[in-house]
Amino acid sequence: MCVAEKKERRIVGMRLLKGGGERVEKLKSSRMKLWMIRATTTVLLWTCVVQMTTLGETWGPRVLKGWPACFSYTDSSASAIEDNVPAVPSTVLPPKRVYKNNGYMMVSCNGGLNQMRAAICDMVTIARYLNVTLIVPELDKTSFWADPSEFQDIFDVDHFITSLRDEVRILKELPPRLKQRVEMGMFYSMPPISWSDISYYHNQILPLIKKFKVVLLNRTDSRLANNGQPLEIQKLRCRVNFSALRFTSQIEELGKRVIKLLRQNGPFIVLHLRYEMDMLAFSGCTQGCNNEEADELTRMRYAYPWWKEKIINSDLKRKDGLCPLTPEETALTLRALDIDPNYQIYIAAGEIYGGDRRMANLAKAYPKLVRKETLLEPSDLRFFQNHSSQMAALDYLVSLESDIFIPTYDGNMAKVVEGHRRFLGFKQTILLDRRFLVDLIDQYTSGSLSWNEFSCAVKEAHANRKGQPVKRMVIPDRPKEEDYFYANPEECLQRPEDLLNST
């Protein structure tokens with residue numbers, strides 16, 4: 001073969017190779033474009049589906065039912081902690097509320113579980129209406145109970161954050177740059193004025209947040225007024241309390257187990273017997289205590305500088321109805337109210353001061369006294385030991401489910417549970433008139449009243465004190481003496497007659 005012919009064949013071969021390569025490149029390019037079109041289309045379709053589902057969940061119920069379900073009447077027979085089947089996948093969240101962030105608000109709660117619970121509701125509401133970012137509240141670890149629990153040890157923190165994202169932005173911690181500034185002490189700290197209107201926070205607190213970027217509110221109990229607030233303020237307080245503040249799954253499951261054990265043996269009453277050492281020392285109430293016990297309580301009262309009242313006349317305070325009922329007084333009261341002695345009575349309280357000696361009369365009158373410690377194995381409670389707030393959370397759940405709830409003192413747990421039971425359909429809560437009762441008890445024990453006279457008087461006095469729908473009592477300029485918002489959040493309640501009229 002001649003040289004010219006070979007050269008020509010090489011040139012033709014190279015052209016063929018070049019043409020084939022170009023076709024391969026074009027084929028690859030076409031496939032890549034097709035893949036990108038398919039991927040983009042898939043993403044767009046899923047985005048549309050998620051957005052339409054979210055809008056349907058968010059706006060549909062509001063259009064058809066009015067305010068979100070947490071403000072609707074719930075039948076009293078329904079379980080307060082029963083799992084609800086979600087209408088949409090759990091990954092679908094309410095849309096975030098978009099707003100210009102005015103700064104960051106940190107919160108340091110004080111007091112026991114239920115005092116902190118109400119404070120958290122107030123702080124979320126304040127953060128929402130100041131258009132600031134709220135950092136997950138810090139719980140009290142320095143009070144009498146010295147509970148080291150963090151927020152996430154008691155409440156479902158992820159549910160708390162996500163369920164409120166359409167109202168306020170909540171973070172578990174500050175962004176790194178601001179966190180570093182706080183660690184260096186570059187922030188503003190203050191206690192808000194008690195029982196303040198939302199206007200106080202707009203006019204006094206918001207300018208500080210804008211100036212310092214981060215403000216720590218270091219006392220939070222009773223910092224928002226009970227009354228005179230816009231309706232949307234009151235309803236958001238309820239939404240946080242009844243919907244966003246959900247206990248951890250561990251606490252919820254153990255609470256369900258206690259309730260199941262109680263239900264297996266019939267109806268049960270929860271008696272919030274607030275006769276613990278801290279309450280007696282704080283209040284100065286020593287009725288039924290011996291001299292040694294009275295001295296011990298007095299020493300304890302002086303040991304806590306933030307308990308301002310030191311010199312207390314126990315007898316006068318008791319006659320004014322400002323002392324918790326003793327176990328002995330409680331036994332007489334339950335008998336006078338004709339509470340069936342065969343009922344189980346669950347004691348929702350810590351260690352009763354004076355122990356078995358003080359509980360003897362109550363145990364004799366009502367032999368089916370139980371506590372979480374007697375219903376559960378020690379292994380069930382080992383993670384809760386020395387964590388009083390987690391123990392109180394268990395008592396809270398059981399209290400919501402009881403057939404009757406009876407507090408012997410109107411402390412924070414008594415008030416918050418009372419309000420929650422109203423929300424659950426005005427479940428029966430007997431609100432004892434202690435001032436009236438101690439006078440009747442003294443007359444009965446002195447022989448001035450017969451048992452029938454005593455019992456009739458007790459029942460008559462409490463006929464309208466069973467958690468029925470009532471207006472919240474307002475006392476202008478004396479907020480400590482008026483009805484507490486969380487004990488009767490009437491703006492969020494649907495009365496039974498209103499429910500019947502709407503059907």
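Analysis parameters
Residues numbered from 1 in each chain as written. Predicted model: local features only at pLDDT ≥ 70, side-chain atom pairs only at ≥ 80, totals over all residues. Heavy atoms only, no water. Helix = DSSP H or I, 4+ residues; strand = E, 2+ residues; numbered from the N terminus. Buried < 20%, exposed > 50% of the residue type's maximum accessible area, 1.4 Å probe, protein only. Contact = heavy atoms within 4.5 Å. Areas by Shrake-Rupley, 256 points an atom, 1.4 Å probe, with all protein chains shown as cover. Expected span 1.5 Å × (residues − 1). Lys, Arg positive; Asp, Glu negative; His and termini not counted. Salt bridge = Lys/Arg side-chain N within 4 Å of Asp/Glu carboxyl O. Polar contact = N/O pair within 3.5 Å; in protein donor to acceptor, adjacent residues only side chain to side chain. Pairing = 2+ DSSP bridges. Right-handed = clockwise from strand over helix to strand, strands pointing away. Core = buried A, V, L, I, M, F, W, Y, C linked by side-chain atoms within 4.5 Å. Axes fitted to C-alpha atoms, helices over the stretch in contact; angles between N-to-C directions. Parallel < 35°, antiparallel > 145°, perpendicular 65-115°, else oblique. Nonpolar A, V, L, I, M, F, W, Y, C, P; charged D, E, K, R; others polar.

### Considerations on the overall build of the protein chain
Counting its regular elements, the protein chain contains 19 helices and nine strands. With 503 residues in all, the protein chain has 47% of them scored as buried. Across the protein chain, contacts joining residues at least 24 apart in sequence account for 78% of those joining residues at least 6 apart. Of the accessible surface of the protein chain, which amounts to about 26,700 Å², a share of 54% is contributed by carbon and sulfur atoms.

### Quick word on helix α2 (residues 113-130)
Spanning 18 residues, α2 covers 26 Å between terminal C-alpha atoms, matching the ideal 26 Å at 1.5 Å per step. Burial of α2 is extensive: 18 of the 18 residues sit out of reach of the surface. Positioned one or two residues after α2, N131 has a phi angle of 55°, which is positive.

### Observations concerning the side chain of K427
Within the fold, K427 resides in the loop between α16 (412-423) and α17 (434-445). The buried charged residue K427 lacks any salt bridge partner; its closest oppositely charged side chain belongs to E401, at an N-O distance of 4.5 Å. Side-chain polar atoms of K427 contact the backbone oxygen of L400, separated by 2.8 Å.

### Some thoughts on the pairing of strand β5 (residues 214-217)
The side-chain alternation of β5 yields two buried faces, one formed by V214 and L216 and the other by V215 and L217. Note that strand β1 (residues 104-107) and β5 share four bridges and pair parallel. Looking across to β5, one finds that M106 is bridged to L216. Summarising the sheet, strand β4 (residues 188-190) and β5 pair through three bridges and their orientation is parallel. When the sheet's bridge partners are listed, S189 is paired in β5 with L216. Where the polypeptide runs from β4 across helix α6 (residues 198-212) and back to β5, its parallel neighbour, the crossover connection is right-handed.

### Here's the deal with the nonpolar core
If you look at the biggest cluster of nonpolar residues, it comprises 81 residues, and the most contacted ones within it are M105, I120, F151, F160, V240 and F247. Residue contributions to this core peak at 11 residues, all from α2. Residues I339, M359, Y366 and I406 belong to the second largest nonpolar core, which totals 40 residues.

### Looking at the pattern of salt bridges
Within the structure shown, the criterion is met by 28 salt bridges. The residue E167 makes a salt bridge to R128 at a minimum N-O spacing of 2.8 Å. With E167 in the loop between α4 (157-163) and β3 (170-171) and R128 in helix α2, the pair connects residues that are 39 residues apart, well separated along the chain. With respect to burial, E167 and R128 carry one shared label: buried. Linking E481 and R478 is a salt bridge whose minimum nitrogen-to-oxygen distance equals 2.9 Å. Using a relative accessible area of 45% as the deciding quantity, one classes R478 as partly exposed. Here the salt bridges share partners, and the residues they tie into one network are R128, D166, E167 and R239.

### Thoughts on the sheet that holds strand β9 (residues 404-407)
Read across the sheet, four strands follow the order β8-β7-β6-β9 without closing on themselves; strand pairing throughout is parallel. On the outer flanks of this sheet lie β8 (369-370) and β9, each paired with one strand and no other. The pairing of strand β6 (residues 268-272) with strand β7 (residues 344-347) spans four bridges and is classified as parallel. Looking at β7, one finds that V270 is bridged to Y346.

### Focus on the packing of α2 against helix α15 (residues 388-401)
Between α2 and α15, the least distance of the axes is 9 Å, while the angle of their chain directions is 80°. Comparing their axes, α15 and α2 come out roughly perpendicular. Contacts between α2 and α15 involve L113, N114, M116 and R117 from the former and S389, A392, A393 and Y396 from the latter. Counted by class, the contact of α2 with α15 contains five nonpolar, two polar and one charged residues.

### Overview of the sheet that holds β4
Sheets are built from strands that pair by backbone hydrogen bonding, the pairs being arranged parallel or antiparallel. Taken together, five strands build an open sheet; the order of strands is β3-β2-β1-β5-β4 and the sheet is parallel. Where the open sheet ends on each side, the last strands, each with one partner, are β3 and β4. Taken together, the two bridges between β1 and strand β2 (residues 133-135) define a ladder with parallel strand orientation. Considered in β2, the bridge of Y104 is made with T133. Contacting β1, β2 and β5, α2 crosses the sheet at an angle of about 170° to β1.

### Brief notes about the environment of H462
Inspection of the secondary structure assignment puts H462 in the loop between α18 (451-461) and α19 (496-501). Note on H462: relative accessible area 0%, which makes it buried. In the structure, H462 is positioned 32 residues away from I430 in sequence and 7.4 Å away in space, judged by C-alpha atoms. Those residues within four positions of H462 in sequence are excluded, and the remaining contacts are L337, L431, L432, D433 and L437.

### Considerations on unusual backbone geometry
In the Ramachandran plot, W195 falls in the positive-phi region, its phi being about 55° despite a non-glycine side chain. For W195, the location among the structural elements is in the loop between β4 and α6. One non-glycine residue, K213, lies in the positive phi region at around 70°. Here K213 shows up in the loop between α6 and β5. You can call K213 partly exposed: its relative accessible area is 43%.

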